[in-house]
Amino acid sequence: MSDAPEKRGKPTTVLIVVDPSGSAERLEAELGEAARVLRDGGTVAFPTETVYGLGGNALDRRAVARIFAAKGRPQDNPLIVHIADMGALESIASSVLPGARALADRFWPGPLTLILPKSDAIPDEVTAGLDSVAVRMPSHPVAAALIRAAGVPVAAPSANISGRPSPTSAEHVWHDMAGRIDMLVDGGSADIGVESTVIDMTCSPPMILRPGGITLEEIREVIPETVVLTGGEGLDGPAKSPGLRHRHYSPEAQMWLVIGEWDAQVDEIKSRAAAEVRLGRRVGLLVSTETAAKLCTWIRDCGGEGPVGEIIVAEIGSRNDASQVASGLFDGMRRLDAAEVDMMLAESYDARGMGLAIMNRLMRAAGGRIIRVQGEAGNDLISEKSIE
């Protein structure tokens, strides 16, 4: 069980703490009040296996409006509807194609969102007026228990101010949303750390619109012809998936992303950081365990480059374990923002497997501020057009 975050003088959001390792029956009982808030049209933030979500009754237009208002979210950015069992899918989607059912059988519950033709039960406010709906079944025990207890499908984007790094802990949610929402359920940290993979099943071949917790390689084991959105396809009207058009995942400080061969990245980060420190700026480095080890030695030895305190290192996981990096990515951004850095430098990763989702988030967080150095092998699946 996690410790409750401090309320920081914002008393209007109710905080409850639950142990995600408890039985399903116990969790549903402990979440009874949160379920009532959802049924009554309120907003509840809760953990999923990917990030924390901000939930409202997906069948209630007023509840959906409260989600958009709390986040400051653009109205043309659709929401994902969360369900607790396959039976609920039939009332949300007007049809479930065989390929979609095969993916659901393989990856649900889990971090995969399917875009399907929507039923009339889902308000247009959820889908930004589109005739399709994004649906997923989370595997986190708290999320599953809350949806079951509420007895309604739950529309839930990430529980952060729109455009900011997604929250992976209750502390992150409290920082952004206290006083804006009705309730926060603290169920510990999210494990995966990046949002679900979104795949559009209404087109042929199916297209991944947002890489995430299920990799392209895993999806191709079920549907080999699956492709990845790498440009502006399908973005003339409202985007079918969150994370496509509007500013997303961005820290408060300006971020620059270094792309290329690892040693060249490290050298470029050193050079840029030293130059910024000489100008009196406070520099945050969003880097792997291996890069942090090299940089910390350099920082200790570079007395002529400026005060050590002007360089803040956020270590987010090993380059050899993309799941570690994904889990630590948004938390690292938030730690550097909390340190009040003036700018950030981030290293890049091989864009295979979970690396595709990591690079997607980093490129969007950088907002086009890319520094290219020698040897870009491993990043061939990323297109800068996908962040426009």
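Quick caveat: nothing in here was measured; it's all calculated off a predicted structure. (Residues numbered from 1 in each chain as written. Predicted model: local features only at pLDDT ≥ 70, side-chain atom pairs only at ≥ 80, totals over all residues. Heavy atoms only, no water.)

A tally of helices and strands in the protein yields 13 helices and 16 strands. Out of the 388 residues in the protein, the part that is buried amounts to 57%. Long-range contacts, defined here as pairs at least 24 residues apart, represent 72% of the contacts in the protein between residues at least 6 apart. Accessible surface, the protein as shown: approximately 14,800 Å² in total, 48% of it carbon and sulfur. (Helix = DSSP H or I, 4+ residues; strand = E, 2+ residues; numbered from the N terminus. Buried < 20%, exposed > 50% of the residue type's maximum accessible area, 1.4 Å probe, protein only. Contact = heavy atoms within 4.5 Å. Areas by Shrake-Rupley, 256 points an atom, 1.4 Å probe, with all protein chains shown as cover.)

Here we come to the packing of helix H12 (residues 322-338) against helix H13 (residues 355-366). Viewed as axis vectors pointing N to C, H12 and H13 meet at an angle of 20°, and their least axial separation amounts to 9 Å. Classified by the angle their axes make, H12 and H13 are roughly parallel. The element H12 and its partner H13 pack so that their crossing is left-handed. Two secondary-structure elements touch here, H12 through Ala 322, Val 325, Ala 326, Leu 329, Phe 330 and Met 333 and H13 through Gly 355, Ile 358, Arg 361, Leu 362 and Ala 365. (Axes fitted to C-alpha atoms, helices over the stretch in contact; angles between N-to-C directions. Parallel < 35°, antiparallel > 145°, perpendicular 65-115°, else oblique. Left-handed = near helix turned anticlockwise from the far one by under 90°.)

Scanning all chains against the criterion turns up four cavities of 30 Å³ or more. The space that makes up the largest cavity amounts to roughly 260 Å³. Lining the largest cavity are 25 residues, with Val 51, Pro 157, Ser 158, Glu 195 and Arg 210 sitting closest to its centre. Among the secondary structure elements, those contributing two or more residues to the lining of the largest cavity are strand E3 (52-57) and strand E4 (80-82). Looking at side-chain class alone, the lining of the largest cavity contains seven nonpolar, 11 polar and seven charged residues. (1 Å grid on protein atoms, 1.4 Å probe; cavity = no way out; pocket = protein on both sides within 12 Å on 5 of 7 lines; lining within 4 Å. Points joined across faces, edges and corners; volume = space filled by probe spheres on them. Nonpolar A, V, L, I, M, F, W, Y, C, P; charged D, E, K, R; others polar.)

Here the focus is the sheet that holds strand E15 (residues 343-347). Strand order in the open sheet formed by five strands is E14-E13-E15-E12-E16, and the pairing between neighbours is parallel. Each edge of the sheet is formed by a strand with only one pairing partner; in this case those strands are strand E14 (311-315) and strand E16 (370-372). Taking each pair of neighbouring strands and ignoring which way they run, the sheet shows an average axis angle of 20°. One ladder, built from four bridges, connects strand E13 (residues 283-287) with E15; its direction is parallel. Among the inter-strand pairings, Gly 284 is bridged to a residue of E15, identified as Met 344. Contacting strand E12 (254-259), E13, E14 and E15, H12 runs over the sheet at an angle of about 170° to E13. On the sheet, H13 packs against E12, E13, E15 and E16 and is oriented at approximately 135° with respect to E12. (Pairing = 2+ DSSP bridges.)

Turning our attention to the sheet that holds strand E2 (residues 44-47). Reading across from one edge, E1-E8-E2-E3-E7-E4-E6-E5-E9-E10-E11 is the order of the 11 strands in this open sheet, with mixed pairing throughout. The two strands at the open ends of the sheet, each matched to only one other strand, are strand E1 (14-17) and strand E11 (227-228). In terms of strand pairing, E2 meets E3 through four bridges, oriented antiparallel. Of the residues in E3, the one forming a bridge with Ala 45 is Leu 54.

With that settled, consider the packing of helix H2 (residues 32-39) against helix H7 (residues 141-150). Between H2 and H7, whose axes approach to 8 Å, the crossing angle comes to 55°. As judged from the angle between their axes, H2 and H7 are oblique. Read as a crossing pair, H2 and H7 show a hand that is right-handed. Across the interface between the two elements, Ala 34, Ala 35, Leu 38 and Arg 39 of H2 pack against Leu 146, Ala 149 and Ala 150 of H7.

Structurally, the position occupied by Ser 318 is in the loop between E14 and H12. Residue Ser 318 is classed as buried on the basis of its relative accessible area, which comes to 13%. Once residues lying within four places of it in the same chain are set aside, the contact partners of Ser 318 are Thr 289, Glu 290, Gln 324 and Val 325.

Moving on, we get to the pattern of salt bridges. Following the criterion strictly, the structure yields 18 salt bridges and no others. When the shortest N-O distance is used, the salt bridge between Glu 49 and Arg 136 registers 2.7 Å. Note that Glu 49 is positioned in the loop between E2 and E3 and Arg 136 in strand E6 (residues 132-136), a separation of 87 residues in sequence. Here Glu 49 matches Arg 136 in class, with each residue buried. Among the ionic pairs, Arg 281 bridges to Glu 276, the shortest N-O distance being 2.9 Å. Each of Glu 33, Arg 36 and Asp 40 takes part in salt bridges that share partners, so that together they form one network. (Salt bridge = Lys/Arg side-chain N within 4 Å of Asp/Glu carboxyl O.)

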